[in-house]
Amino acid sequence: MLRLWPLGLGVNFSFTGDGERNGATVGFDNYAELIDDPLFRTALRNVGWLVLLLPVAVAIPGLLATFIYLRVPGHRIFRSVYFFPAVLSPVIVGAIFNLLLAVDGPLNAVLGGSGLGPVDWLGDPDVAMFTVVGVHIWATSGMALVVFLAGFATLDSALLDAARVDGASLARMIWHVIIPGLSRTIQFVVVTTMIGMLTSTFGLLYVMTSGGPEGSTYLPEYYIWVQQGQMSRPALASAASTVLFLVMLVVGVLQVGLLRRAGRED
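The structure contained in this document is the topic of the report that follows. Along each chain, the written sequence defines residue order, and numbers are assigned to residues from 1. Totals for whole chains, interfaces and linings use all residues, but because this is a predicted model, local features are given only for residues with pLDDT of at least 70 and pairs of side-chain atoms are given and counted only at 80 or more. Side-chain metrics rest on all non-hydrogen atoms present in the structure, leaving aside hydrogens and water.

### Comments concerning empty space enclosed by the protein
- Site definitions follow a grid-based scheme: protein atoms alone, a 1 Å grid, a 1.4 Å probe that fits but cannot get out for cavities, and for pockets an open set with protein on both sides within 12 Å along at least five of seven lines, plus lining residues having an atom within 4 Å of a point. Grid points are joined across faces, edges and corners, and a volume is the space filled by probe spheres set on the points. Within this structure, the stated rule accounts for one cavity of 30 Å³ or more.
- Contributing to the lining of the largest cavity are Leu 50, Met 129, Val 132, Val 133, His 136, Met 197, Thr 201 and Leu 219.
- By residue number, the principal contributor to the lining of the largest cavity is helix α7 (residues 128-152), which donates four residues.
- Here the nonpolar group is Ala, Val, Leu, Ile, Met, Phe, Trp, Tyr, Cys and Pro; Asp, Glu, Lys and Arg are the charged ones; every other residue, Gly included, is treated as polar. Grouping the constituent residues of the lining of the largest cavity by class yields six nonpolar, two polar and no charged. Going along the chain from the N terminus, every DSSP run of H or I of four or more residues is numbered as a helix, and every run of E of two or more is numbered as a strand.

### Thoughts on the side chain of Thr 217
- Structurally, Thr 217 is set in the loop between α11 (202-208) and α12 (220-230).
- Accessibility here uses a 1.4 Å probe with only protein chains present; expressed as a share of the type maximum, an area under 20% marks a residue as buried, one over 50% as exposed, and anything in between as partly exposed. A residue is classified by how much of its surface remains accessible, and Thr 217, at 0% relative accessible area, is buried.
- Counted as a polar contact is a pair of N or O atoms within 3.5 Å, where, for protein atoms, one must be capable of donating a hydrogen and the other of accepting one, and residues adjacent in sequence contribute only when both atoms are in side chains. A distance of 2.8 Å separates a polar atom in the side chain of Thr 217 from a polar atom in the side chain of Thr 209.

### As for the pattern of salt bridges
- Any Lys or Arg side-chain nitrogen found within 4 Å of a carboxyl oxygen on Asp or Glu counts as a salt bridge. One pass over the full model with this rule turns up four salt bridges.
- Measuring nitrogen to oxygen at the nearest pair gives 3.3 Å for the salt bridge that ties Asp 29 to Arg 21.
- Residue Asp 29 is classed as partly exposed on the basis of its relative accessible area, which comes to 37%.
- Residue classification places Arg 21 among the partly exposed residues on the basis of a relative accessible area of 43%.
- The partner of Asp 161 in a salt bridge is Arg 164, and the shortest N-O contact between them spans 3.0 Å. With Asp 161 and Arg 164 both in helix α8 (residues 157-165), this residue pair falls three residues apart, about one helical turn.
- Note on Asp 161: relative accessible area 40%, which makes it partly exposed.
- One salt-bridge network, in which partners are shared between bridges, spans Asp 18, Glu 33 and Arg 233.

Purely geometric stuff here, so don't read any function into it on its own.
What follows is the structure, encoded as structure tokens:
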């Protein structure tokens, strides 16, 4: 009840007005304004990109956990190195990558030396969103890695030994043994990673792009902060929060349903 009550208040507040109509019931006016706002439409479009990039965000820590579980050379050092970014503040991560990805930064210096030319990683509207998402994946994959390693602790090692005896390749072992055996862990990581991508990127966005260039890196979370903190429009921010909650709910249910269906087919 303590969780649902604030949520209900927020939804109810989204049907009231801001400014001169403060507190007055306005029906779906706030939601209509969201639909007409190009920045909010951009934020929703970026959510679509996040959904498409989600398999990458899950596969990277999953593969790293697999290599550590199979004890590749140096796996103890790798475990510490991969988890280290998770303890850094998003502000620190953003500041570090602002230096690395600057037009005259070290990454572009390497690209220029190889003849590929510099890339405006944070100033190009077609590139900036993917850059921020890539940094977010780098910074947060350590927590998913820990969850995958915990899942491996419940995996029946006899199945892997049998696969090795049968001469199965690493790819077949991953597809036919590890993925089915970690289906519940994968479901958990998929949902929590998606929630993190939608609700925990504010720090990176604020430090790296501040929603730019041209509003191309807006996400609902950042849009909500702008409306609440800068525009003093709490009712509109509540409407955007309600939309974000519904998007997370729908995406989460669909993802879990697809993963469960794939598990039954296997």
